[in-house]
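Chain residues, written in single-letter form:
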Amino acid sequence: MEYIVETSNLSKRFGKDLAVEGLNMKISKGEIYGFLGPNGAGKTTTIRMLLGLMKPTSGRIRIFGQDIKQQRKNILAKVGSLVENPSYYPHLTAYENLEALRKIIGVPKQRIYEVLEIVRLTEVADKKVKGFSLGMKQRLGIAMSLLNQPQLLILDEPTNGLDPSGIIEIRELIKRLPEEFGMTVLISSHLLTEIDQMATTVGIVTKGKMIFQDSIETMRTLAGHAISLKVSQAEQAWRLLLANGMKVEHESGLIMLHESSNEMVAEAVRLLVQANLSIYRVEEEKRSLEDIFLSMTREDSAV
Amino acid sequence: MISMMQTDFLKIKRKGFWFLTFLGPIGVVALQMVNYGVRKEYLLQQSENDWLYYLQNISVFTPLALVLGIAIFTSFIASIENETNAWKQLISLPVSKMMVYLSKFTILACLLFISSILLMLFTLGFGIFLSFDEAIPWWELVKYSFYPYFAALPVLALQLWIATVSKNQGVPITTGIFGVIFAYSAYMLPDWMIWKWPSLMNQWDEPLINVLLGLGVGCLLYVMGMLDFTRRDVK
Ligand SMILES: Nc1ncnc2c1ncn2[C@@H]1O[C@H](COP(=O)(O)OP(=O)(O)O)[C@@H](O)[C@H]1O
Ligand SMILES: [Mg+2]
């Protein structure tokens, strides 16, 4: 299997600290790879190494099957990126900012209008970026990353600092990319929900180490959301579900259902309704990223 | 390389680079306009050859303007990339870091060269206006306009190096200010100090030595700066 991105034992040391340690990242073609981890986990450092901005302390990076050390320019010609905060020249207009990149990349001028259209900045193309809102700057950053029609798009926390509508907009945009343009996307975030809503594959990193890398479905199972039910007679409901062989708990007037597959929830609700109990609420108890990390690191050590 | 430089010329738009390119030589000649405006008779008595004496007066301020201009240009051009940390954007394009550095250096060297041409033209213009008795000393005019430029290349290479690799922009500003002070007190400096060279002074009284040193040491400092820039991780 040929990967679009493949790192082996990638490490980066700053002084005494290892910011990235023995990272093996594998991204297949057409995926939206969610690179998840709390602040300071080493996501940006990893991405900087993928882009050749930083030299790894040890380990190897292959992108499109080529080594970044030997083929840096060839690889980067097919990669688009937005690292941390968007970079732009505030004294230039949106159009001029793209033109400055276009001259180096060498795509036709038409492409500038295309990417401006994709991120919906056509109207403000001739305004100086200085006056743009954060969301507009972020969108300009994405436009810049799309300019060379990349096969691999690397976005580092692209929704950071955006308002909810901006977040949704960028999320919708990113989801379109693999199908419409055949891109592979690497997107980093410190928010589980964000990755949950976009990614097809997830890599979870903490303290520089990859502690999980698999499909989003596998992660969801591992993350094991519990379902909480609020019913008219909690005690009675709890006994009923227990009697039917379900893993349930009864705490402070709520019923906690620990297996959250669709069938199981439906079955529980059916039983309760048949027993003439009123169901007020059925809610998913989201586990925080920290909880998941804890359970994953525990499982790691258990294995 | 051409496209890289086109991009750099686009980026310096609206940042006052062109304005400064003109302001420098205008300022240097304007000082002599004031000087000759106020006490022309006195100045004409000072020397046998009025044209040469005029060129020498002009050349008092040329090194200062050059070194000051270099300090401002280098810190401006670095600040354009530093402002939103656009280095990471730039270096993740399919370009070599050497090209990025060479392009910045070349742009500034071009602007300063244009300044030197303008200096020659303005000097000539005002000199003709003063209508000295002697014929125009063409060779001396060229020397006084372009020798300081070549002798100042090491300062350009050093300042660009410091400005591009410093995390704290206070560092290049400080070295820039010291450079200007050094250039101002050139006559007191030992010959080996690069800030003295644009003044064309040396113990052998041979300006050409400063030009050759400027080219040689300029190249050396340029290569060192470029290699250091390439070696470093991008901020
Ligand atoms: N240039 C640097 N110099 C020293 N330490 C750094 C540098 N960049 C990042 N670090 C450290 O490396 C660790 C990982 O940082 P980073 O990759 O930015 O994490 P993330 O992007 O996941 O929030 C942090 O502890 C950070 O302080
Ligand atoms: Mg980060």
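Before reading further, recall that the structure is shown in the block above.
Everything quoted here is computed from the prediction, not taken from an experiment.

Visitor: It is not clear to me how the site of ligand 1 should be interpreted in this structure. Could you clarify?
Guide: Residue and element names in this part refer to chain A. Around ligand 1, the structure places Phe14, Ala19, Pro38, Asn39, Gly40, Ala41, Gly42, Lys43, Thr44 and Thr45. Expressed as a share of its isolated accessible area of 560 Å², the protein-covered part of ligand 1 is 57%. By residue number, the principal contributor to the shell around ligand 1 is helix H1 (residues 43–50), which donates three residues. Considering only residue class, the shell around ligand 1 consists of four nonpolar, five polar and one charged.

Visitor: What is the right way to read the packing of aromatic side chains from this model?
Guide: Note on aromatic pairs: each is described by the distance of the centres and the angle between the planes. Taken as a whole and assessed by the stated rule, the structure comprises 22 aromatic pairs over all chains. Taking the centre distance of 5.0 Å and the plane angle of 75 degrees together, the rings of Tyr149 of chain B and Phe150 of chain B count as edge-to-face. Looking at Phe150 of chain B, the relative accessible area reads 25%, which means it is partly exposed. If you follow Lys78 of chain A out to its NZ or CZ, it ends over the ring of Phe64 of chain A, 4.6 Å from the centre. One cation-aromatic arrangement involves Lys97 of chain B over Phe229 of chain B; the distance from NZ or CZ to the ring centre is 6.0 Å.

Visitor: I tried to follow the sheet that holds strand E4 (residues 32–36) of chain A on my own but got confused; where do I start?
Guide: Sheets are built from strands paired through backbone hydrogen bonds, the pairs being either parallel or antiparallel. Residues and elements named next belong to chain A. Across the sheet, which stays open at both edges, the six strands sit in the order E7-E8-E9-E4-E10-E11 with mixed pairing between neighbours. Each of the sheet's edge strands pairs with one partner strand only, and the pair in question is strand E7 (79–82) and strand E11 (209–215). Shown here is a sheet whose adjacent strand axes are inclined to one another by a mean of 15 degrees, direction ignored. Pairing between E4 and strand E10 (residues 201–206): four bridges, direction parallel. Note that in E10 the partner of Leu36 across the bridge is Ile204. Here H1 sits on the sheet in contact with E4, strand E8 (152–156), strand E9 (184–189) and E10, set at roughly 150 degrees to E9. Docked against the sheet, helix H5 (residues 134–146) engages E7 and E8, running at close to 165 degrees with respect to E7.

Visitor: For this particular structure, what's the right way to read the interface of chain A and chain B?
Guide: Interface size is often expressed as the accessible area that is lost when the parts come together. With 30 residues of chain A in contact, the opposing surface of chain B contributes 29 residues. Together, Leu53, Tyr89 and Ile104 of chain A form the three largest contributors to the area buried by chain A at its contact with chain B, with a combined 24%. Linking chain A with chain B are three salt bridges, by the criterion used here. Between Lys12 of chain A and Asp233 of chain B there is a salt bridge, with the nearest N and O atoms lying 2.7 Å from each other.

Visitor: For this particular structure, what's the right way to read the pairing of strand E5 (residues 58–63) of chain A?
Guide: The side chains of a regular strand alternate between both faces of the sheet. Residues and elements named next belong to chain A. Pairing between strand E1 (residues 5–14) and E5: five bridges, direction antiparallel. Within E5, the residue paired with Ser11 across the bridge is Ser58. Pairing of E5 with strand E6 (residues 66–67), which is carried by two bridges, proceeds in the antiparallel orientation. Within E6, the residue paired with Arg62 across the bridge is Asp67. Counting the residues that bridge the hairpin from E5 to E6 gives two residues, and of these Phe64 lies at a positive phi of roughly 55 degrees.

Visitor: I tried to follow the nonpolar core on my own but got confused; where do I start?
Guide: It is characteristic of soluble globular proteins that their nonpolar side chains tend to be buried jointly. One finds Leu98 and Leu186 of chain A to be the most contacted residues of the largest nonpolar core, which totals 118 residues. By residue number, the principal contributor to this core is helix H7 (residues 153–165) of chain B, which donates nine residues. For Leu98 of chain A, the residues in contact, after removing those within four places along its chain, are Ile112, Val115, Leu116, Leu140, Ala143, Met144 and Leu147 of chain A. Judged by nonpolar contacts, the second largest core, of 16 residues, contains Tyr54, Leu119, Phe132 and Leu141 of chain B.

Visitor: I would appreciate a short explanation of the packing of helix H3 (residues 50–82) of chain B against helix H8 (residues 170–184) of chain B in the present structure.
Guide: Any two packed helices are characterised by the angle at which their axes cross and by the distance between the axes. Residues and elements named next belong to chain B. Where H3 contacts H8, the two axes come as close as 9 Å, and the packing angle between them is 175 degrees. Considered as vectors, H3 and H8 are oriented roughly antiparallel to each other. Counted together, Pro63, Leu64, Val67, Leu68 and Ala71 of H3 and Gly176, Gly179, Val180, Ala183 and Tyr184 of H8 form the full contact between these two elements. Residues of the contact of H3 with H8, tallied by class, amount to eight nonpolar, two polar and no charged.

Visitor: I'm lost on the pattern of salt bridges in this one. Help?
Guide: Opposite charge on two side chains permits pairing when their charged atoms draw close. All names here are of chain A. Inspection of the entire model under this criterion finds 22 salt bridges over all chains. The salt bridge partner of Arg111 is Glu114, with a shortest N-O separation of 2.8 Å. Highlighted residues: Arg111 and Glu114, both in helix H4 (residues 110–118), separated by three residues, approximately one helical turn. On the accessibility criterion, Arg111 (7% relative accessible area) is buried. Overall, the relative accessible area of 34% leaves Glu114 in the partly exposed class.

Visitor: Would you mind going over the packing of H7 of chain B against helix H9 (residues 207–231) of chain B with me for this structure?
Guide: Residue and element names in this part refer to chain B. Two elements in contact, H7 and H9, have axes whose closest approach is 7 Å; the angle formed by their N-to-C orientations is 10 degrees. Between H7 and H9, the crossing angle belongs to the class labelled roughly parallel. The two elements H7 and H9 meet at a crossing, and its hand is left-handed. Residues Leu153, Pro154, Ala157, Leu158, Trp161, Thr164 and Val165 of H7 form the contact with H9, whose participating residues are Gly214, Leu215, Val217, Gly218, Leu221, Tyr222, Met224, Gly225, Asp228 and Phe229. In the contact of H7 with H9, the residues fall into twelve nonpolar, four polar and one charged.

Visitor: Which parts of the structure should I look at to understand the layout of surface pockets?
Guide: Left-over empty space is what a probe sized like a water molecule reveals as it rolls over the atoms. Residue and element names in this part refer to chain B. Roughly 520 Å³ of volume is contained in the largest pocket. Lining the largest pocket are 22 residues, with Ser59, Val60, Ser199, Leu200 and Met201 sitting closest to its centre. If one sorts the elements of the lining of the largest pocket by residue count, H3 sits on top with seven residues. Here the residues of the lining of the largest pocket are counted per class, giving 15 nonpolar, four polar and three charged. In this structure, the second largest pocket encloses a volume near 430 Å³. Taken together, 24 residues form the lining of the second largest pocket, with Gly24, Pro25, Ala65, Leu66 and Gly69 sitting closest to its centre. Of all the secondary structure elements, the ones that give two or more residues to the lining of the second largest pocket are helix H2 (17–45), H3, helix H5 (97–130) and helix H6 (138–151). Here the element with the most residues in the lining of the second largest pocket is H3; it accounts for nine residues. Looking at the lining of the second largest pocket, its residues break down into 16 nonpolar, eight polar and no charged.

Conventions we followed
- Residues numbered from 1 in each chain as written.
- Chains lettered and ligands numbered in written order.
- Predicted model: local features only at pLDDT ≥ 70, side-chain atom pairs only at ≥ 80, totals over all residues.
- Heavy atoms only, no water.
- Near = heavy atom within 4 Å.
- Areas by Shrake-Rupley, 256 points an atom, 1.4 Å probe, with all protein chains shown as cover.
- Helix = DSSP H or I, 4+ residues; strand = E, 2+ residues; numbered from the N terminus.
- Nonpolar A, V, L, I, M, F, W, Y, C, P; charged D, E, K, R; others polar.
- Phe/Tyr/Trp six-rings, centres within 6.5 Å; stacked < 30°, edge-to-face > 60°.
- Buried < 20%, exposed > 50% of the residue type's maximum accessible area, 1.4 Å probe, protein only.
- Lys NZ or Arg CZ within 6 Å of the ring centre and 35° of its normal.
- Pairing = 2+ DSSP bridges.
- Axes fitted to C-alpha atoms, helices over the stretch in contact; angles between N-to-C directions.
- Contact = heavy atoms within 4.5 Å.
- Buried area = accessible area lost by both parts, 1.4 Å probe.
- Salt bridge = Lys/Arg side-chain N within 4 Å of Asp/Glu carboxyl O.
- Core = buried A, V, L, I, M, F, W, Y, C linked by side-chain atoms within 4.5 Å.
- Parallel < 35°, antiparallel > 145°, perpendicular 65-115°, else oblique.
- Left-handed = near helix turned anticlockwise from the far one by under 90°.
- 1 Å grid on protein atoms, 1.4 Å probe; cavity = no way out; pocket = protein on both sides within 12 Å on 5 of 7 lines; lining within 4 Å.
- Points joined across faces, edges and corners; volume = space filled by probe spheres on them.

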